[in-house]
Amino acid sequence: MFAKDSEVVIRAKNLTKKYKDFVAVDGIDFEVKRGESFGLLGPNGAGKSTTMKMISSVSQRTGGELTILGKEPNTHGPEIRAHLGVVPQKDLLDRELKAWENLFTYGRYFGLSRKFLKQKVEELLEFAQLTEKRNSKADDLSGGMQRRLAIARGLVNEPEILMLDEPTTGLDPQARHILWDRLFRLKEQGVTLVITTHYMDEAEQLCDRLIVMDKGKIMAEGSPAALIKQYSSKEVVEVRFGTDKNEKFAPQLEELADRIEVLPDRILLYTEKGEELLTKIVDAGLHPVTSLVRRSSLEDVFLRLTGRTLVE
Amino acid sequence: MAELSYKPGAAVDVKRAVRWGALRVAEYRFYSMSKWMGSILAFGLGNPILFLLSVGLGIGALVDANSGGETLGVSYLQFVAPALLASAAIQGVMDEVTFPTLDGFVWDKLFFAINATSVSARQIANGVMIVALGRGLFTTLLYLGILLLFGAVPLASFFPLLFTSMLAGWGWAALMMAITARLENDEGYFAVIGRFVIAPMFLFSGTFYPLEQMPIFLQPIGWILPLWHSTELGRTLSYDYPIEPSMIATHLGYLTLMGVVGMLLTYPKFEERLSR
Amino acid sequence: MITQLVVSQAVAIQERRSARPGSSIYSGRASMLLERGFRAFKSSNWMVVLSGFVEPVLYLLAFGFGIGQLIGNLEDGLGRPVSYAAFIAPALLATSAMNGAVYDSTWNVFFKMHFGKIYQVMLSSSLGPMDVALGEIGWALLRGVAYSLGFMAIVTPLGLVTNAWGLLAIPAASLIAFGFASIGMAITSYLKSFQQMNWVTFFMLPMFLFSGTFFPVSVYPQWIQMIVQALPLWQGVELIRSLMLGIVDWSLLGHVAYFLVMIAGGLWFTTVRLKALFMR
Ligand SMILES: Nc1ncnc2c1ncn2[C@@H]1O[C@H](COP(=O)(O)OP(=O)(O)OP(=O)(O)O)[C@@H](O)[C@H]1O
Ligand SMILES: [Mg+2]
């Protein structure tokens, strides 16, 4: 790759966004390097989309500093956006235009030539598996197809930085996995990815590094593996005793594990050795209705950091 | 999903991308519009013909048969023609800024998608206005052609009439764009504007009856809104209509001012809404 | 407990009703639609809705009193002189009724059909297509009546209603509103896009301008007159004009019959269409 591998393409310092009196993003700091895949993780209303919009230079920050590709978005919005590919959370397709026309007109906004676009549009339709639907109006596409079209649209200008706000919401499992693979390949070619998601598996698959956000603040930052290591144990045992009884057994279980979380429907026990712990539980005369031993995930990191689950 | 490979950032020529944004927006809107060509033509031709037949000839027959013709000095058709022309231009340009602006911000929110590219807020506003003027020009040309066929205006004033009508269209549309950009939702907006602004303008701007002979409390409608100014200019251009030179300058100046103020109020609001 | 009772009673009534023949089309609950209409109306910008009668009033002022000065008097059907304002006022009342009814039964219904998907939900309850048709048309009718009442309230003090027959103009306007509401909804139920909706507007303008509204149809050649006389607005204008000018004879029943047929036809088509659209 290029020598500028470690070049910082997005730099945010004390970045803040207020809507009237409401603070949606509360003084966050982060940097994204070229070719990196950077994730924003957090529950509804955490401020992910707001942060994405500020980076996309379509929403003006109300405080702090922000540079994208070395430029100030307040004054150089159009130049910055020329190098960005944006896939917003709401698709915002032109419902009156056909699938291919949506891609074509969008490309024209970047001043791309018709000749270039003619070929590019076909490539992108293929990429999004919409070749057969090229002449359908955007309005007549299924939800998942519209999502794929929006993703393809974000790629029409061959962006350096691709901003994906919940890219896989509404996609079926197969389309999701294929998209992950394609995004990974784009990254290999040097495209910087910025991704928001609620899905832990997605973040673990796609992101080199991520920030966990809640209520406009950064709760933690690091690679998925490092975060799991820092905020969780190696393994987790999930047990259920039935809705009313979980609370009752909690004190007993607390002594057996490193740490426990009591959720309305189950109890999570954090430990280095899951199977051993499960045996101990049974030996102690406790008989959960169901039990499960699994590896720790970002979900657990999130629970630890906020005391809440991500996807209710 | 087929694979996609490219060299990041190589495709876009930034200078080119940033420069002609307004034309790009216009290009796309003209393109969508071309799909409506049938109804655009029908409305463009239908409206003037219908009004000319009913008001110009139908009511005109009643007026001319009575003493009305003497009051006006010309046939009723000649009297209303410049007003109908200006009103068509005003309506035509205005429709093409109000609907797209509300659509772009409130209904389909497409302005937000366009603004995520290298196109700026100001360029979007300009693009919308370019298209509106294009559509207005088309409508006005058709209208003028039909007026010529009916012998309602002289051929010699073709271009001056086109200019005074389009000037009014632009001035008013700019103001309406500034207002529409300030709407957060569309509750009854078009109904209210239609009933309380457009209809009174159309009816009380000296369109069908000399403004000076209307009750004094109705005359301000003519002074404030664009139609009367454009109509006065049109009447001087199409027949021997007495008007003072200073008034000509006033009419032209007022319409221009309206346009300039409208655009100056439009840009910052577009910028604000697209950077929230 | 009480709600339970009410619910079981309602179900019982419903069951009895559904045993009746034709209940899959009409369950006798059209009033539910009106109720919903009132709720939506209260929460919407109702000043906007009510101000609908303003436009014809403005036309009356501009044409009746403005151009009227250029025109002088016309002759009514009996050869008596009639002021231009008195000539066009009845026509504008008919137009007012038409506008009110058509607006609700076309644009509003169109939005509900294609964006709100409200009918789909209603028809999957115990309501039948005829309930929906009657309810919506009833709502449009109410609006048409409101518009004509507003118009009359302004016109009467101006001295444009000269005899007692003029009072019948209000029921006549209601009949006209009903007719337009019914046919408007029938047509709308067949339309699919905004472009097609625009054609409705496109055809209403010439009807407004040429139905003897602003000048007698006698200015036209015979064949155009015949076309105009077939249009519903001309029928309505004639009916109200005769009443307001006090020229009353049996021929008015012809106009009434015209609207009754229009109402029945509109209802029938709407019901059939709603059934085809949503109850496959
Ligand atoms: N235009 C706006 N005006 C006022 N408040 C807003 C606006 N946009 C977002 N907010 C508020 O800012 C907060 C953060 O919103 P944001 O869309 O960034 O959340 P998010 O992390 O993307 O959530 P989600 O996972 O639901 O997409 C929310 O409380 C939201 O209500
Ligand atoms: Mg979001």
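Criteria and cut-off values
- Residues numbered from 1 in each chain as written.
- Chains lettered and ligands numbered in written order.
- Predicted model: local features only at pLDDT ≥ 70, side-chain atom pairs only at ≥ 80, totals over all residues.
- Heavy atoms only, no water.
- Helix = DSSP H or I, 4+ residues; strand = E, 2+ residues; numbered from the N terminus.
- Buried < 20%, exposed > 50% of the residue type's maximum accessible area, 1.4 Å probe, protein only.
- Areas by Shrake-Rupley, 256 points an atom, 1.4 Å probe, with all protein chains shown as cover.
- Lys, Arg positive; Asp, Glu negative; His and termini not counted.
- Charge placed at Lys NZ, Arg CZ, Asp CG, Glu CD.
- Domains from an automatic or database assignment.
- Pairing = 2+ DSSP bridges.
- Axes fitted to C-alpha atoms, helices over the stretch in contact; angles between N-to-C directions.
- Contact = heavy atoms within 4.5 Å.
- 1 Å grid on protein atoms, 1.4 Å probe; cavity = no way out; pocket = protein on both sides within 12 Å on 5 of 7 lines; lining within 4 Å.
- Points joined across faces, edges and corners; volume = space filled by probe spheres on them.
- Nonpolar A, V, L, I, M, F, W, Y, C, P; charged D, E, K, R; others polar.
- Core = buried A, V, L, I, M, F, W, Y, C linked by side-chain atoms within 4.5 Å.
- Near = heavy atom within 4 Å.
- Polar contact = N/O pair within 3.5 Å; in protein donor to acceptor, adjacent residues only side chain to side chain.
- Patch = residues over 30% accessible without salt bridge, like charges linked within 9 Å, V, L, I, M, F, W, Y side chains within 5 Å.
- Salt bridge = Lys/Arg side-chain N within 4 Å of Asp/Glu carboxyl O.
- Donors = N, O, S within 2.8 Å, 3.2 Å for Na, K, Ca; no water.
- Buried area = accessible area lost by both parts, 1.4 Å probe.
- Expected span 1.5 Å × (residues − 1).
- Phe/Tyr/Trp six-rings, centres within 6.5 Å; stacked < 30°, edge-to-face > 60°.
- Lys NZ or Arg CZ within 6 Å of the ring centre and 35° of its normal.

Turning next to the overall build of chain B. Check the secondary structure of chain B and you find 12 helices and 0 strands. Counting from the amino terminus, chain B carries its helices and strands in the arrangement α-α-α-α-α-α-α-α-α-α-α-α. Structurally, chain B occupies a C-alpha span of about 80 × 35 × 35 Å along its principal axes. For chain B, the residues scored as buried account for 58% of the 276 residues in total. Accessible surface computed for chain B: about 10500 Å², of which carbon and sulfur atoms make up 68%. Placing the 16 positive and 18 negative side-chain charges of chain B at their respective mean positions leaves the two points 13 Å apart.

Here the focus is the domain arrangement of chain A. For chain A, the domain assignment lists domain 1 (2-228) and domain 2 (233-296). Centre-to-centre, using C-alpha coordinates, domain 1 of chain A lies 39 Å away from domain 2 of chain A.

Attention now moves to unusual backbone geometry. All names here are of chain A. In this structure, Asn 14 is a non-glycine residue whose phi angle is positive, near 50°. Within the secondary structure layout, Asn 14 lies in strand E1 (residues 8-19). Overall, Asn 14 belongs to the partly exposed group, its relative accessible area being 44%. One non-glycine residue with positive phi stands out, namely Gln 129, at about 55°. Mapped onto the fold, Gln 129 is located in the loop between helix H4 (114-127) and helix H5 (143-154). Among the residues examined, Gln 129 registers a relative accessible area of 41% and is labelled partly exposed.

So, about the sheet that holds strand E11 (residues 259-262) of chain A. Picture the strands of a sheet paired through backbone hydrogen bonds; they go either parallel or antiparallel. Residues and elements named next belong to chain A. A sheet is described by the order of its strands in space; here 4 strands give the open sequence E11-E12-E10-E13, paired in antiparallel fashion. Two strands lie at the open edges of the sheet, namely E11 and strand E13 (290-295), each paired on one side alone. Neighbour to neighbour, the strand axes of the sheet diverge by 20° on average, direction disregarded. The sheet contacts of helix H10 (residues 274-283) involve strand E10 (235-240), strand E12 (267-271) and E13, and relative to E10 the element is tilted by about 30°.

Attention now goes to the layout of surface pockets. Estimated volume of the second largest pocket: approximately 800 Å³. In terms of lining, the second largest pocket is formed by 28 residues, of which the most central are Lys 53, Val 58, Lys 90 and Leu 92 of chain A together with Phe 112 of chain B. Residue assignment for the lining of the second largest pocket shows that the elements contributing at least two residues are helix H1 (48-55), strand E5 (84-87) and strand E6 (161-165) of chain A together with helix H5 (76-107) and helix H6 (110-115) of chain B. Looking at the lining of the second largest pocket, its residues break down into 15 nonpolar, 5 polar and 8 charged.

Turning our attention to the nonpolar core. Formed by 128 residues in total, the largest nonpolar core has its most connected members in Ile 10, Phe 30, Ile 68, Ile 161 and Leu 298 of chain A together with Trp 172 and Phe 270 of chain B. The residues touching Phe 30 of chain A, leaving out its near neighbours within four places in the chain, are Ile 10, Arg 11, Ala 12, Phe 38, Thr 51, Ile 55 and Ile 211 of chain A. In this structure, Leu 85 of chain B together with Ile 176, Ala 177 and Leu 233 of chain C belong to the second largest nonpolar core, which totals 119 residues.

Another point: the site of ligand 1. All names here are of chain A. Taken together, 14 residues sit near ligand 1, with Gly 45, Lys 48, Ser 49, Thr 50 and His 198 positioned nearest. One nitrogen or oxygen atom from the side chain of Thr 50 is found 2.5 Å from an oxygen atom belonging to ligand 1. Against a free-state accessible area of 630 Å², the protein chains account for coverage of 65% of ligand 1. Those elements giving two or more residues to the shell around ligand 1 turn out to be strand E2 (22-33) and H1. Ranked by residue count, the leading element in the shell around ligand 1 is H1, at 3 residues. Considered class by class, the residues forming the shell around ligand 1 number 5 nonpolar, 7 polar and 2 charged.

This brings us to a nonpolar patch on the surface. All names here are of chain B. A surface patch of nonpolar side chains, amounting to about 650 Å² of accessible area, comprises Met 37, Leu 41, Leu 45, Ile 49, Leu 53, Leu 57, Leu 149 and Phe 150. Broken down by element, the residue count for the nonpolar patch peaks at 6 residues, all from helix H3 (residues 37-65). Looking at the secondary structure, you find Ile 49 in helix H3.

Quick look at the coordination of the magnesium ion (ligand 2) now. Residue and element names in this part refer to chain A. Bound to the magnesium ion (ligand 2) on the protein side are Ser 49 (OG) and Gln 89 (OE1), at distances that span 1.9 to 2.2 Å. With Ser 49 in helix H1 and Gln 89 in the loop between E5 and helix H3 (99-109), this residue pair connects regions lying 40 residues apart in the sequence. The class of Gln 89 is partly exposed, set by a relative accessible area of 40%.

A few words now on the interface of chain B and chain C. Facing 33 residues of chain B, the contacting portion of chain C comprises 31 residues. When the area that chain B buries against chain C is broken down by residue, the three leading residues are Leu 62, Arg 195 and Tyr 209 of chain B, summing to 23%. Linking chain B with chain C are 0 salt bridges, by the criterion used here. Taken together, chain B and chain C are joined by 2 residue pairs in polar contact (both at pLDDT 80 or more). Listed by contribution, the elements that provide at least two residues to the side of chain B that touches chain C are H3, helix H4 (68-72) and helix H9 (189-204) of chain B.

Next up on the list: the environment of Leu 231 of chain C. Residues and elements named next belong to chain C. With respect to the element layout, Leu 231 can be found in the loop between helix H10 (222-230) and helix H11 (232-245). For Leu 231, a relative accessible area of 29% gives the class partly exposed. Distance from Leu 231 to Tyr 258, taken between C-alpha atoms, is 10.0 Å for residues 27 residues apart in sequence. In this view, Leu 231 contacts Met 207, Ser 211 and Tyr 258; residues no more than four positions away in its chain are not counted.

All right, on to the side chain of Thr 164 of chain B then. Relative to the elements of secondary structure, Thr 164 of chain B occurs in helix H8 (residues 158-180). The residues touching Thr 164 of chain B, leaving out its near neighbours within four places in the chain, are Ser 230, Leu 233, Leu 237 and Leu 255 of chain B.

Turning to the sheet that holds strand E4 (residues 63-68) of chain A, a few remarks are in order. Residues and elements named next belong to chain A. As summarised here, the arrangement of the 3 strands in space is E2-E1-E4, forming an open sheet in which the pairing is antiparallel. Looking at which strands have only one partner, the edges of the open sheet turn out to be E2 and E4. Neighbour-to-neighbour, the strand axes of this sheet turn through a mean angle of 15°, independent of strand direction. Relative to E2, E1 runs antiparallel, the two being bridged by 9 bridges.

Another point: the interface of chain A and chain B. How big an interface is tends to be stated in terms of accessible area lost as the parts join. The partner chain B presents 37 residues to the 52 residues of chain A that form the contact. Summing both partners gives a buried area of about 4200 Å² for chain A against chain B, and 58% of it is carried by carbon and sulfur. Applying the counting rule to chain A against chain B returns 4 salt bridges. Residue Arg 108 of chain A pairs with Glu 27 of chain B through a salt bridge whose shortest N-O separation is 2.7 Å.

A word on H4 of chain A. Residues and elements named next belong to chain A. Between the first and last C-alpha of H4 there are 19 Å, a value that for 14 residues agrees with the 20 Å anticipated at 1.5 Å per step. Those residues of H4 that sit buried are Leu 117, Lys 120, Val 121, Leu 124, Leu 125 and Phe 127. Where the residues of H4 are buried, they touch H3, H5 and helix H6 (173-188). Two residues or fewer after H4 comes Gln 129, characterised by a positive phi angle close to 55°.

This brings us to the environment of Leu 62 of chain B. Position of Leu 62 of chain B among the secondary structure elements: in helix H3. Non-local contacts of Leu 62 of chain B, meaning those with residues more than four positions away in its chain, are made with Ile 71, Leu 74, Tyr 84, Phe 214 and Phe 215 of chain C.

On inspection of all chains with the given rule, the structure shows 29 aromatic pairs over all chains. Aromatic side chains Tyr 109 of chain A and Tyr 28 of chain B sit 6.0 Å apart centroid to centroid with 75° between the ring planes, which places their arrangement in the edge-to-face category. You can see Tyr 109 of chain A sitting in helix H3 and its partner Tyr 28 of chain B sitting in helix H2 (residues 21-34), one on each of two chains. The exposure classification of Tyr 109 of chain A matches that of Tyr 28 of chain B, with both residues buried. For the pair Phe 202 of chain B and Phe 208 of chain B, a centre-to-centre distance of 5.3 Å together with 90° between the ring planes defines the contact as edge-to-face. The exposure classification of Phe 202 of chain B matches that of Phe 208 of chain B, with both residues buried. Each member of the aromatic cluster is reached from another via a ring pair, and the members are Phe 51, Phe 202 and Phe 208 of chain B together with Tyr 59, Phe 63, Phe 208 and Phe 214 of chain C. Sitting over the face of the ring of Tyr 267 of chain B, Arg 122 of chain B holds its NZ or CZ atom 4.1 Å from the ring centroid.

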